[in-house]
Amino acid sequence: MALPLVAVVGRPNVGKSTFVNKIAQTSDAIVHEMRGVTRDRSYHEADWNGVHFMLVDTGGIEVSTDDDFQKSIRAQAFEAKDQADVILFMVDGRVGMQTDDEEVARLLKRTGKPVFLIVNKLDNPDAEEGIWEYYQLGLGDPWPVSSVHGHGTGDLLDSVVQAIRDAGLDDQEPDVPAVNIAIIGRPNAGKSSLTNKLTCGERSIVSPVAGTTRDAIDTLVTHDDELYRIIDTAGMRQKSKITESVEYYGFVRAMRAIDRADVAVLVIDGTLGVTNEDQRVANYAAERGCALVVVLNKWDIVEGPEAKEKVRFDLEDEFVFISYAPVIAISALSGKGVERVWKAIKESFANYAATLPTAKLNRWLADIQDTGHTVTRGKTILRIKYVTQTGTRPPQLTFFCNRPDLVNDNFERFLENRLRRTFDLTGTPVRFKFKKKDR
């Protein structure tokens, strides 16, 4: 069952992400002085006194603005508020109470949920005298804290977990391990739209502005009785093209998302075709050894069969190093083809976690040896004695032979091609090791 949700809400730049990082003992939430850095909801596991819960970091709420982008951020924060079991309302103790604070407080009082009013940035205990003005918000006793130093957070968390216990939310079974799926790709390729279709909800902010998603965002979803963790990531640009430090942090989070992914879904804008950035992102996933599915998005607006044929030809030519990845053409906006993405994800993960029988592997090796194909150097001939699988996620095969130093890249590619003809390894890379086997 899901962990209790504790949402952290408030105006921009009051220190929500710093607080989340301190409590969750992580650096996943991006922290920056610029307003609006946190845009979507991001989820972070935490525990206190044996009670596990999920902290939800939200974008800053600005009630008084009519900016369309801010409306999306505000909607995400309000959605987190509606889903939460406990709400932490944070204000900035250095600047005093603001109009937006009063507006948000009025909204939170209507929820009927436990709300804790946190006065942040009180690094100096002498500054706590100024918290009295916050009583007029009608949310009970303010909690003075310093997110940077951790002052006051212990007493606050004692009360938060007590509220969780009082609601009977701490007696839930632990989560079943989920398959991690990272949605990766260039900025504005349609990753968030695909995430929303896969999770059956408006989970991530969707905008035509490149670079909208800056954090890696986790969503748990059940599909065909299997649990998946969908991770929507920031668009990944070439490092030399990353000009904002905030965008760089988003890039780092995306890399971390790939590191923990079982399956990476690479989203390509079909109207632009394959770009150098697409190749670079695919290479990141290939290097880190996760399973891979390639999605050609916006396929419904690629004009004409010739244009579509060219995109597929370029994909085959430029992505020869991930030729094992299935390619699915979809429209994330309309949802057409998304079910085939699920099918490719499931097949790729099954192969990624597969165990190949040793007897079948050695029959396959014997068939290769019958062809006489091997590696020679002078009078020395590479002789492979036997092979066995020594790892999964991805599959790793260890070959025991007389001279491992004779193995070159061409021979490894030959072995991989022959292996894939015999065993279904669609969607997953394979790793080879060669060890010396004495007589």
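Values in this document were obtained by computation on a predicted structure and should not be read as measured data.

A. Region of the structure containing the overall build of the chain. Regarding its fold elements, the chain presents eleven helices and 17 strands. Relative to all contacts within the chain whose residues are 6 or more apart in sequence, the contacts with residues 24 or more apart total 71%. Accessible surface computed for the chain: about 20,600 Å², of which carbon and sulfur atoms make up 46%.

B. How the structure looks around the sheet that holds strand β16 (residues 396-401). Pairing is mixed across the open sheet formed by three strands, whose spatial order is β15-β16-β17. In this open sheet, the two edge strands, each paired with only one partner strand, are β15 (384-391) and β17 (431-436). Each strand of the sheet is rotated relative to its neighbour by a mean of 25°, with strand direction disregarded. Strand direction decides the pairing type here: β16 and β17, joined by six bridges, are parallel. Paired with Phe400 across the two strands is Lys435, which belongs to β17. Across the sheet, helix α10 (residues 358-371) is in contact with β15 and β16; its angle to β15 comes to roughly 145°.

C. How the structure looks around the nonpolar core. Counting 29 residues, the largest nonpolar core has Ile184, Leu266, Leu292, Phe319 and Ile322 as its most contacted members. Mapped onto this core, the elements with two or more residues apiece are β7 (179-185), α6 (245-259), β10 (263-269), α7 (276-288), β11 (291-297) and α8 (304-318). If one sorts the elements of this core by residue count, α7 sits on top with five residues. Not counting residues up to four positions away in its chain, the partners in contact with Phe319 are Leu266, Ile268, Val274, Asp278, Gln279, Ala282 and Asp314. Counting residues in each nonpolar core, the second largest holds 25 residues, with Val221, Val293, Val341 and Tyr352 among its members.

D. Just the pattern of salt bridges, in detail. Within this structure, the stated rule accounts for 13 salt bridges. Two residues, Arg288 and Glu287, come together in a salt bridge whose shortest N-O distance is 3.5 Å. For Arg288, a relative accessible area of 35% gives the class partly exposed. You can call Glu287 exposed: its relative accessible area is 52%. With a shortest N-O distance of 2.8 Å, Asp314 and Lys310 are connected by a salt bridge. Here the residue Asp314 and the residue Lys310 both occupy positions in helix α8, the gap between them amounting to four residues, near one helical turn.

E. Geometry of the side chain of Thr388. Looking at the element boundaries, Thr388 is found in strand β15. Take Thr388: its relative accessible area is 18%, and that puts it in the buried class. Among residues more than four places away in sequence, those in contact with Thr388 are Thr358, Leu361, Gln396, Leu397, Thr398 and Phe400.

F. Focus on the pairing of β15. Pairing of β15 with β16, which is carried by six bridges, proceeds in the antiparallel orientation. Bridge assignment links Thr388 to a residue of β16, and that residue is Thr398. With antiparallel pairing between neighbouring strands as the criterion, β15 and β16 make up a hairpin whose turn holds four residues, including Arg393 at a positive phi of roughly 55°.

G. How the structure looks around helix α4 (residues 153-166). Counted at 1.5 Å a residue, the expected span for α4 with its 14 residues is 20 Å, and the 20 Å between its end C-alpha atoms agrees. With its phi angle positive at about 70°, Gly168 sits one or two positions after the end of α4.

H. Expanded view of unusual backbone geometry. Cis peptide bonds are those with omega within 30 degrees of zero, and the linkage from Arg393 to Pro394 qualifies with 0°. The residue Pro394 is located in the loop between β15 and β16 in this model. Phi is positive for Asp224, close to 50°, though the residue is something other than glycine.

I. Quick look at the environment of Glu318. Inspection of the secondary structure assignment puts Glu318 in helix α8. We classify Glu318 as partly exposed; its relative accessible area is 32%. Sequence separation between Glu318 and Asp278 is 40 residues; the distance between their C-alpha atoms is 9.6 Å. If near-sequence neighbours (up to four positions away) are discounted, Glu318 is found in contact with Val274 and Gln279.

J. Broad picture of the packing of aromatic side chains. Going through the model one piece at a time under the given rule, you end up with ten aromatic pairs. An angle of 55° between the planes, with centres 6.3 Å apart, marks the rings of Phe116 and Trp143 as tilted. Of this pair, Phe116 sits in strand β5 (residues 115-120) while Trp143 sits in strand β6 (residues 143-144), and the two are 27 residues apart along the sequence. According to the relative accessible area criterion, Trp143 is partly exposed, its value standing at 22%. Put simply, the rings of Trp364, Phe399, Phe432 and Phe434 pair up and form one aromatic cluster.

Procedures and definitions
Residues numbered from 1 in each chain as written. Predicted model: local features only at pLDDT ≥ 70, side-chain atom pairs only at ≥ 80, totals over all residues. Heavy atoms only, no water. Helix = DSSP H or I, 4+ residues; strand = E, 2+ residues; numbered from the N terminus. Contact = heavy atoms within 4.5 Å. Areas by Shrake-Rupley, 256 points an atom, 1.4 Å probe, with all protein chains shown as cover. Pairing = 2+ DSSP bridges. Axes fitted to C-alpha atoms, helices over the stretch in contact; angles between N-to-C directions. Core = buried A, V, L, I, M, F, W, Y, C linked by side-chain atoms within 4.5 Å. Buried < 20%, exposed > 50% of the residue type's maximum accessible area, 1.4 Å probe, protein only. Salt bridge = Lys/Arg side-chain N within 4 Å of Asp/Glu carboxyl O. Expected span 1.5 Å × (residues − 1). Phe/Tyr/Trp six-rings, centres within 6.5 Å; stacked < 30°, edge-to-face > 60°.

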